[in-house]
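Next come the chains, spelled out residue by residue.
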Amino acid sequence: DTEVTQTPKHLVMGMTNKKSLKCEQHMGHRAMYWYKQKAKKPPELMFVYSYEKLSINESVPSRFSPECPNSSLLNLHLHALQPEDSALYLCASSQGLGGAGLGELFFGEGSRLTVL
Amino acid sequence: AQTVTQSQPEMSVQEAETVTLSCTYDTSENNYYLFWYKQPPSRQMILVIRQEAYKQQNATENRFSVNFQKAAKSFSLKISDSQLGDTAMYFCAFMKHRGGSEKLVFGKGTKLTVNP
């Protein structure tokens, strides 16, 4: 199984809503990532978890709250978002920071978020 | 800070022909990794090819090969015998060779269209 599964595929929310994006992988990877991608732009790194601990936070606003309940799951909790937060949110995983397969990220198909 | 530049926003090629995508980067690091990632329309991003900077030999993966010029900080991707399924956004990416942080710096991407 070389899949990273993201749910939901599409999400529409108001600025006062609270919602969550979910990501799951069963490849035994120990690093997981959240990226934000605007249309026709490259992905921008938001967070990295390594061995279930937050290792990188790219100065993301606190209205985005990541959570890694276990090594297979990654959540992104959303609260009080702004319309400019509308984007494709990509989850990715890799074998582990500094380990074999360095830099090879396995991406999910993304969750397309629209904030009204 | 590292930067990655892809100077061709869009390219097109006829099926079965060869196309080369350009990428240049700027870094003061001596050890690093370079990647080409492919993002087909509405599908997940996947790794196409990886190059370790300390390796002089250019990486190849079937129809995909790179021309890595370390002194010139150039890393182009050649796609031979182009296929319709090669239509995608192609992102060049850079990563420092340093344990504990697996942060990819992406270029802005090149949209490749393979025409029948």
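Please read these numbers as outputs of a predicted model, since none were measured by experiment. (Residues numbered from 1 in each chain as written. Chains lettered and ligands numbered in written order. Predicted model: local features only at pLDDT ≥ 70, side-chain atom pairs only at ≥ 80, totals over all residues. Heavy atoms only, no water.)

(A) Just the interface of chain B and chain A, in detail. With 21 residues of chain B at the interface, the matching set in chain A holds 23 residues. For the pair chain B and chain A, the two sides together bury roughly 1,800 Å², of which 56% comes from carbon and sulfur. Where chain B meets chain A, there are one salt bridge. Note that Glu58 of chain A is salt-bridged to Lys103 of chain B, the shortest N-O span being 2.8 Å. Taken together, chain B and chain A are joined by three residue pairs in polar contact (both at pLDDT 80 or more). Those elements giving two or more residues to the side of chain B that touches chain A turn out to be β5 (32-39), β6 (46-52) and β10 (88-96) of chain B. Looking at side-chain class alone, the side of chain B that touches chain A contains nine nonpolar, eight polar and four charged residues. (Contact = heavy atoms within 4.5 Å. Buried area = accessible area lost by both parts, 1.4 Å probe. Salt bridge = Lys/Arg side-chain N within 4 Å of Asp/Glu carboxyl O. Polar contact = N/O pair within 3.5 Å; in protein donor to acceptor, adjacent residues only side chain to side chain. Helix = DSSP H or I, 4+ residues; strand = E, 2+ residues; numbered from the N terminus. Nonpolar A, V, L, I, M, F, W, Y, C, P; charged D, E, K, R; others polar.)

(B) Here's a closer look at the sheet that holds strand β3 (residues 18-25) of chain A. All names here are of chain A. Overall, antiparallel pairing links the four strands, which are arranged β1-β3-β8-β7 in an open sheet. In this open sheet, the two edge strands, each paired with only one partner strand, are β1 (4-7) and β7 (64-70). Looking at each pair of strands side by side, their axes are set apart by 20° on average, direction ignored. Strand direction decides the pairing type here: β1 and β3, joined by four bridges, are antiparallel. By the bridge assignment, Val4 is partnered in β3 with Gln25. (Pairing = 2+ DSSP bridges. Axes fitted to C-alpha atoms, helices over the stretch in contact; angles between N-to-C directions.)

(C) Geometry of the nonpolar core. Ranked by internal contacts, the top residues of the largest apolar core, which has 25 residues, are Tyr25, Trp36, Phe75, Leu77 and Tyr90 of chain B. Looking at this core, the elements with two or more residues in it are β3 (19-21), β5, β6, β8 (64-69), β9 (74-79), β10 and β12 (110-115) of chain B. Within the second largest apolar cluster, 23 residues are counted, among which are Met13, Tyr49, Leu76 and Leu78 of chain A. (Core = buried A, V, L, I, M, F, W, Y, C linked by side-chain atoms within 4.5 Å. Buried < 20%, exposed > 50% of the residue type's maximum accessible area, 1.4 Å probe, protein only.)

(D) Unusual backbone geometry, seen in detail. The peptide bond linking Thr7 of chain A to Pro8 of chain A adopts the cis configuration, its omega dihedral lying at -10°. Relative to the helices and strands, Pro8 of chain A resides in the loop between β1 and β2 (10-13). You will see that Ser59 of chain A, though not glycine, has its phi angle at about 55°, which is positive. Within the secondary structure layout, Ser59 of chain A lies in the loop between β6 (53-57) and β7. In this structure Ser59 of chain A comes out as exposed when scored by relative accessible area, which is 70%. Here the phi dihedral of Asn62 of chain B falls at roughly 55°; this positive angle occurs in a residue that is not glycine. Here Asn62 of chain B shows up in the loop between β7 (60-61) and β8. Take Asn62 of chain B: its relative accessible area is 80%, and that puts it in the exposed class.

(E) Region of the structure containing the state of the cysteines. All names here are of chain A. Scanning the model with the defined rule gives two disulfides over all chains in all. One disulfide in the model links Cys23 with Cys91; its S-S distance is 1.9 Å. Looking along the S-S bond of the Cys23-Cys91 disulfide, the torsion reads about -70°, which is the left-handed sense. Here Cys23, found in strand β3, pairs with Cys91, found in strand β9 (residues 87-94); they are 68 residues apart in sequence, far enough to count as distant. Distance from the sulfur of Cys68, which forms no disulfide, to the nearest cysteine sulfur (Cys91) is 9.2 Å. (Disulfide = S-S within 2.5 Å.)

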